[in-house]
Amino acid sequence: IRDRVRRFIIVSLFLLSILSAQDRVPNLRLKMLNGKYAKLYDFLKDGPMIIDFWATWCEPCKKQMRYLDLFHNHFKGLGFKVLTVNTDTPKSMSKVKPYVRTKGFEFNVAVDPNSQIKKKMKIQQMPTTIIVDQDGTVVYRHKGYVPGDEVGILKAITELLDKKGIAYTDLDLEKVKKTKKEESLKVDF
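Computed from a predicted model, the values in this text were never measured in an experiment.

Caption draft 1: Broad picture of the nonpolar core. Residues I50, I51, F53, F71, L83, M121 and I157 are the most contacted members of the largest nonpolar core, which totals 52 residues. Among residues more than four places away in sequence, those in contact with I157 are I50, F71, F75, F80 and I131.

Following this line, the structure appears as structure tokens:
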């Protein structure tokens, strides 16, 4: 009976160590939209971040991106960043820079035309949004986007900041949505 108990404890500890091991992002080399290169962990020097995988053909991706830009601009003073990774094919890669520029997005953009980063990070669906703590630990992962998902992403960001003891100004998404609607209703004659 002692051997069974000992074996049970060893197996239990082994399983517990597997379950408690948190997923970490690899420190991959990224080609940025401006043609320069960076390492993924370069973005984690000042704080946690969002990594979001998207493509120009993905309508849900495009709908979510204005919120990602909002999160980037709202929390960047705290060291929080948003890095989007575009997964367009080499054929459609020429659409990426004009799209980002015309929308006025300020977050960081990397390009992955051959899906190497996408494969290494086991991304299967567009968009996939990952929140990464400063040590590279994945603390949140979400696949797809439907209106309202931005609330869950914001909650995950603020929970991480709360856990780290980082003070921030609240972001009222409802107020932002109302302001955007009012702006789109204004007509100049």
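Caption draft 2: Local environment of the state of the cysteines. Across all of its chains, the model carries 1 disulfide by this definition. Bridging C58 to C61, the disulfide has an S-S length of 2.2 Å. Residues C58 and C61 share a disulfide whose torsion about the S-S bond is about 80°; that sign makes it right-handed. By the burial criterion, C58 is buried, and C61 matches it.

Caption draft 3: Molecular detail of helix α3 (residues 96-103). Listed in full, the buried residues belonging to α3 are V96, Y99 and V100. Relative to the axis of α3, the buried residues are bounded by an arc of 95° and lie together on one face. Of the exposed residues in α3, the ones pointing more than 90 degrees away from its buried face are R101 and T102. Looking one or two residues beyond α3, the residue adopting positive phi is G104, at roughly 75°.

Thresholds, definitions, all that
Residues numbered from 1 in each chain as written. Predicted model: local features only at pLDDT ≥ 70, side-chain atom pairs only at ≥ 80, totals over all residues. Heavy atoms only, no water. Core = buried A, V, L, I, M, F, W, Y, C linked by side-chain atoms within 4.5 Å. Buried < 20%, exposed > 50% of the residue type's maximum accessible area, 1.4 Å probe, protein only. Contact = heavy atoms within 4.5 Å. Disulfide = S-S within 2.5 Å. Helix = DSSP H or I, 4+ residues; strand = E, 2+ residues; numbered from the N terminus. Arc of directions from axis to C-beta.

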